[in-house]
Amino acid sequence: MAEPYKVWQCRTCGYIYEEEFGDPGEGLAPGTRWADLPDTWICPLCGTPKADFDMIEL
Amino acid sequence: MTIPKEVAETIVDPQAYADGKRVDEAFSWLRKEAPLDQAHVEGFDPFWVVTRHADILEVERQNDLFHNGDRSATLTTIEADRKVREMMGGSPHLVRSLVQMDNPDHMNYRRLTQGSFLPQNLRSLEARIREIARGFIDHMAAQGDHCDFARDVAFLYPLHVVMEVIGVPESDEPRMLKLTQELFGASDPELNRSGAVLDVDAGVDSIQSVVMDFMTYFNAITEDRRANPRNDLASVIANGKINGEPLGHLEAMSYYIIAATAGHDTTSSTTAGALWALAANPDQFAKVKANPALIPGLVEESIRWVTPVKHFMRTATADAELAGKKIAKGDWMMLSYPSGNRDEAVFKDPFKFDIERTPNKHVAFGYGAHVCLGQHLARMEMRILWEELFARLESVELDGEPRNMVANFVCGPKSVPIRFKMH
C-alpha cells in the first residue's frame, strides 16, 4: 500500500506543501513526494531552505 | 553610471508615486541603465537603489549581512533622522516593530504571533470574514449604481477584519482608520493631521503625535487584556513573553501599531487598485466574472500591480559585493518593490494587468525572514471579497479619475469612483 501523503510547512512564512497536490505553479506535479524535492529546494514564497520545513497535520 | 539628479529626486518624491507614471518611468530607466547604483539627493544620506527583482531577493535572503535596524528602515531625510534620534535617545526608529528588528529579537518577536497567521489557523476565520465581506457588498449595493470603491468598501473591509483579529471594538474603527491614514499619508495634505504640505520638522512632529495617540490607545488595551485575556491578538501581545519576560513597552506598542496600520492599509490599497484595474480592463473583468477559478490569480496580480509597500531600507553590516558593485559596511540601501515587480527580466509585459499571469513571483510581500507576516490573511480576505462580489456584480466602469495617495512608503489609491450594476 502506498505511503499516505504528507504535508510540510515553512517555518518562516507558513507556506504549505501538500504532497497530494504538489505545486504545479512551481513545476511540482501532484503526488510529488517531499523526499523527491532536492535538498537545494527553497520555499517559493520566502526562500527558506527545505531543511527549515516542518511536517504538519492539517 | 551615476543616477541622474532628476531620476534620484523622482524616486524619493511622494508626488511621483501618486502620479504613478513618473515613478514607473524612473524605475524603468534605472533597471536598464543603472540597476544598482547610489542616489544622491539633497537632504538625504546617499543610498543604493536596488531595482532588480533578483537583487532584491539576494539582499532580503541575507538577513545577517543586510540589517533592518541599524539605520532607519524607511527612507528619511538627514534632518528627520536627526530629530528622531534626538527624541529616541539615539535610535533611528520612532517605533520598534518586526520591521525595525534583526535577529535574535526579530525571530523571537515574530514567533509570538506567527501561529495566528498560519494558513491552517486562518481557516477558522473564513466563515466570519465571508459574513463581513457580504455586509460590505450589501453596503455597496445600497449606494445605488455608483460609489467610491476605495472609501466605501476597500478602506473599510480589511480594517474591520483586522480590528476583529486584534480585538479592537467596532466603535473604534473610524479612529484606527484616521490614525493609519495620518501616519502613512503624512505627505498628503488630504490625509495628514494638519491638512497642509508639511516641512521636515512638522512632518516628524505629525508622525510622532500619531504614534503617541496609537500608544495611548493600545496602553489601555494592554491593561485590559492583562486583566481580562481574550481570544484575540491583543491578548497575545499583552501577555506574551520573550525569553521569559513580558515584551518591552516600545516593542509591544509597536507590535499593535504595525498590526493596526499595515495590517489593513496594504490590503485596502490592493483591493481598491484591483477594482480600478478591472474597471479599466473590461476583458480581465469578463474573464474572472465568467470563471471564479481565476480569482486567486486576480489576487496575486493585483498585489503585484499595486505593490502597496514601496520600499524598505537595509543597512550593510559588512563590506559586500552585489551585482558586481562594492557595497561598504554601513551603506544604506533602498529595496524598491514596485521596480522589482515591473522587472522585464522576470515579468513578461510587466505594465500589463494580467490575471492569468503565471508564474507571478512578485516581491510585494518581501522575501526571506522579513516576508509579510499577514500575507496569507491578506490573500484570504481578497479572495473571499471577490468571490462574494463577482457573484453579484454585473458590470463596472470608472466614473471619474481615480487618485493615489501622495506618499513614498506605504500607499495606493485613495479614491476609485465607479459606476456599476449589481443584483
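Because the structure is predicted, anything quoted here is derived from the model rather than measured.

1. Notes on the overall build of chain A
Phase 1: Assigned secondary structure in chain A consists of 0 helices and 3 strands.
Phase 2: Starting at the N terminus, the α and β elements of chain A follow one another as β-β-β.
Phase 3: Taken over the C-alpha trace, chain A has a radius of gyration of 11 Å; the compact-globule value for 58 residues is 10 Å, and the two agree within 12%.
Phase 4: If one aligns the C-alpha atoms of chain A with their principal axes, the spans along those axes are about 35 × 25 × 20 Å.
Phase 5: Taken over 58 residues, chain A has a buried fraction of 21%.

2. Comments concerning the overall build of chain B
Phase 1: Looking only at helices and strands, one finds 18 helices and 14 strands in chain B.
Phase 2: Relative to the 2.2 N^0.38 estimate, which gives 22 Å for 423 residues, the radius of gyration of chain B is 21 Å and therefore close to what a compact globule would have.
Phase 3: C-alpha atoms of chain B, sized along the principal axes, occupy 60 × 55 × 40 Å.
Phase 4: For chain B, long-range pairs separated by at least 24 residues make up 71% of all intrachain contacts whose partners lie at least 6 apart in sequence.

3. Considerations on the interface of chain A and chain B
Interface size is commonly expressed as the accessible surface area that is lost when the partners come together.
Phase 1: Across the boundary between the two partners, chain A contributes 9 residues, which contact 14 residues of chain B.
Phase 2: Looking at side-chain class alone, the side of chain A that touches chain B contains 5 nonpolar, 4 polar and no charged residues.

4. Some points on the sheet that holds strand β2 (residues 16–18) of chain A
Residue and element names in this part refer to chain A.
Phase 1: Spatial strand order, β2-β1-β3: 3 strands in an open sheet with antiparallel pairing. Of all the strands in the sheet, the pair left with one neighbour each is β2 and β3 (53–56). Direction aside, neighbouring strands of the sheet carry axes that sit 30 degrees apart on average.
Phase 2: Where strand β1 (residues 7–10) meets β3, 4 bridges bridge the pair, whose relative direction is antiparallel. Residue pairing across strands places tryptophan 8 opposite methionine 55, the latter belonging to β3.

5. Quick notes on the environment of valine 204 of chain B
All names here are of chain B.
Phase 1: Inspection of the secondary structure assignment puts valine 204 in helix α12 (residues 200–227).
Phase 2: The exposure class assigned to valine 204 is buried, which follows from the 23 C-beta atoms found within 10 Å.
Phase 3: Placed 43 residues apart in sequence, valine 204 and valine 161 show a C-alpha to C-alpha distance of 30 Å.
Phase 4: With residues up to four places along the chain from it excluded, the contact list for valine 204 reads Ala80, Lys83 and Val84.

6. Topic: unusual backbone geometry
All names here are of chain B.
Phase 1: Residue proline 104 is reached from asparagine 103 by a cis peptide bond, and omega for that bond is 5 degrees.
Phase 2: Take proline 104: it is sitting in the loop between α5 (78–87) and α6 (105–114).
Phase 3: The omega torsion across threonine 358 and proline 359 is -5 degrees, close enough to zero to call that bond cis.
Phase 4: Assignment of secondary structure puts proline 359 in the loop between α17 (337–340) and α18 (375–390).
Phase 5: Backbone geometry at asparagine 243 places phi at a positive 55 degrees, although glycine is not the residue there.
Phase 6: Positionally, asparagine 243 belongs in the loop between β5 (241–242) and β6 (245–246).
Phase 7: Its 7 C-beta neighbours within 10 Å are what place asparagine 243 among the exposed residues.
Phase 8: Phi is positive for alanine 323, which is not a glycine, with a value near 50 degrees.
Phase 9: Along the chain, alanine 323 falls in the loop between β8 (320–322) and β9 (325–327).
Phase 10: Assessed through the 14 C-beta atoms surrounding it within 10 Å, alanine 323 is described here as partly exposed.

7. Describing the environment of phenylalanine 285 of chain B
Residue and element names in this part refer to chain B.
Phase 1: Tracing the backbone through its elements, the reader meets phenylalanine 285 in helix α15 (residues 282–290).
Phase 2: Each C-alpha atom, one on phenylalanine 285 and one on serine 395, is 8.5 Å from the other, the two residues being 110 residues apart in sequence.
Phase 3: For phenylalanine 285, the contacting residues outside a window of four places in its chain are Leu278 and Val396.

8. Some remarks on the confidence of the model for chain B
Phase 1: Predicted confidence across chain B gives a mean pLDDT of 96, with 100% of residues reaching 70 or more.
Phase 2: Scored as a whole, the predicted complex attains pTM 0.95, and scored at its interfaces, ipTM 0.86.

9. What about the sheet that holds strand β11 (residues 393–398) of chain B?
Picture the strands of a sheet paired through backbone hydrogen bonds; they go either parallel or antiparallel.
Residues and elements named next belong to chain B.
Phase 1: On the basis of which strands lie adjacent, the open sheet formed by 3 strands has the order β4-β14-β11 and antiparallel pairing. At either end of the open sheet lies a strand with only one pairing partner, and these are β4 (146–148) and β11. Neighbour to neighbour, the strand axes of the sheet diverge by 30 degrees on average, direction disregarded.
Phase 2: As defined by bridge partners, β11 adjoins strand β14 (residues 417–422) across 5 bridges and the pair is classed as antiparallel.

10. Considerations on α18 of chain B
Phase 1: An ideal rise of 1.5 Å per residue puts 22 Å on 16 residues; α18 of chain B measures up with 22 Å between its terminal C-alpha atoms.
Phase 2: For α18 of chain B, the tally of buried residues reaches 13 of 16 residues, placing the bulk of the element in the interior.

Basis of the calculations
Residues numbered from 1 in each chain as written. Chains lettered and ligands numbered in written order. Predicted model: local features only at pLDDT ≥ 70, side-chain atom pairs only at ≥ 80, totals over all residues. Helix = DSSP H or I, 4+ residues; strand = E, 2+ residues; numbered from the N terminus. Rg over C-alpha atoms; globule rule 2.2 N^0.38 Å. Buried ≥ 20, exposed ≤ 12 C-beta atoms within 10 Å, placed from the backbone. Contact = placed C-beta atoms within 7 Å. Nonpolar A, V, L, I, M, F, W, Y, C, P; charged D, E, K, R; others polar. Pairing = 2+ DSSP bridges. Axes fitted to C-alpha atoms, helices over the stretch in contact; angles between N-to-C directions. pLDDT = per-residue confidence, 0-100. Expected span 1.5 Å × (residues − 1).

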